[in-house]
Amino acid sequence: MTKKRPAAIASLAAAALLASCGGGNPLSNPDSIQNPGQTTGQKLSFIYFQKCVNPIYSLQLQVNQNGVTTTNTCASGGCHDTNTGTGGALRLIGSAPAVDLSNPANTPEVVRTSDMYKNFYSSQGATVIGAPGESRLLEKPMLQVLHGGGQIFFDANDPNAKRISFWISRPMPQGQDEFSIAGNSMLAANGDCLDQ
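Residues numbered from 1 in each chain as written. Predicted model: local features only at pLDDT ≥ 70, side-chain atom pairs only at ≥ 80, totals over all residues. Heavy atoms only, no water.

Trainee: Where do I start with the overall build of the protein chain in this structure?
Mentor: The secondary structure content of the protein chain amounts to six helices and two strands. Starting at the N terminus, the α and β elements of the protein chain follow one another as α-α-β-β-α-α-α-α. Residue burial in the protein chain is summarised as follows: out of 196 residues, 40% are buried. (Helix = DSSP H or I, 4+ residues; strand = E, 2+ residues; numbered from the N terminus. Buried < 20%, exposed > 50% of the residue type's maximum accessible area, 1.4 Å probe, protein only.)

Structure (structure tokens):
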């Protein structure tokens, strides 16, 4: 009987972790979730995403699930991890290394094959460019639409929600790609992330 106890405890711990992110697809969502379509043809800034948005996915954030508060990361297994996550269309690689955009070898074609770009692409797909209030990337963690992972941001004034909103509301100029140097205007002179 003592041999079964560690296995039972491990099973309970795994279930608790998955429950904190809505694991096991409790909402019966189809495996191929579709995000709202893009209509502007514009792109969001990769520069700002890499420096200011992607780090949010690895933070230990408070999660309120039916009145029970725990902590977890968005990129964890059971949540939005690309390999083991159950979190719908948003797929993340928690260990995605930053891409040195000052290195001439990192052309747009090279960057687009990186894990960081995969996170960017998936995140941008969960937005309506220019409309943070209509973007699943914010609606879900604020529980404006059903989110199996519970409430992450209690309102739009949460510092992380503000950064995501800032990113979504400032697309690159029409005709410029996601690597446009216009993205640098979203950073302070010292390189810190702006959010308003």
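Trainee: Explain the side chain of aspartate 158 to me, please; I cannot follow it from the model alone.
Mentor: Relative to the elements of secondary structure, aspartate 158 occurs in the loop between helix 5 (136-139) and helix 6 (159-169). Although buried, aspartate 158 forms no salt bridge, and the nearest oppositely charged side chain, arginine 163, lies 9.1 Å from it. (Lys, Arg positive; Asp, Glu negative; His and termini not counted. Salt bridge = Lys/Arg side-chain N within 4 Å of Asp/Glu carboxyl O.)

Trainee: I keep staring at the packing of aromatic side chains and nothing clicks. Help me out?
Mentor: Given two aromatic rings, their pairing is described by the distance between the two centres and the angle made by the two planes. Taken as a whole and judged by the stated rule, the model has 11 aromatic pairs. Ring geometry for phenylalanine 120 and tryptophan 167: centres 6.1 Å apart, planes at 65°, overall edge-to-face. Of this pair, phenylalanine 120 sits in helix 4 (residues 115-125) while tryptophan 167 sits in helix 6, and the two are 47 residues apart along the sequence. Looking at tryptophan 167, the relative accessible area reads 0%, which means it is buried. Feature note: the residues Phe46, Phe49, Tyr57, Tyr117, Phe120, Tyr121, Trp167 and Phe179 constitute an aromatic cluster, connected by ring pairs. (Phe/Tyr/Trp six-rings, centres within 6.5 Å; stacked < 30°, edge-to-face > 60°.)

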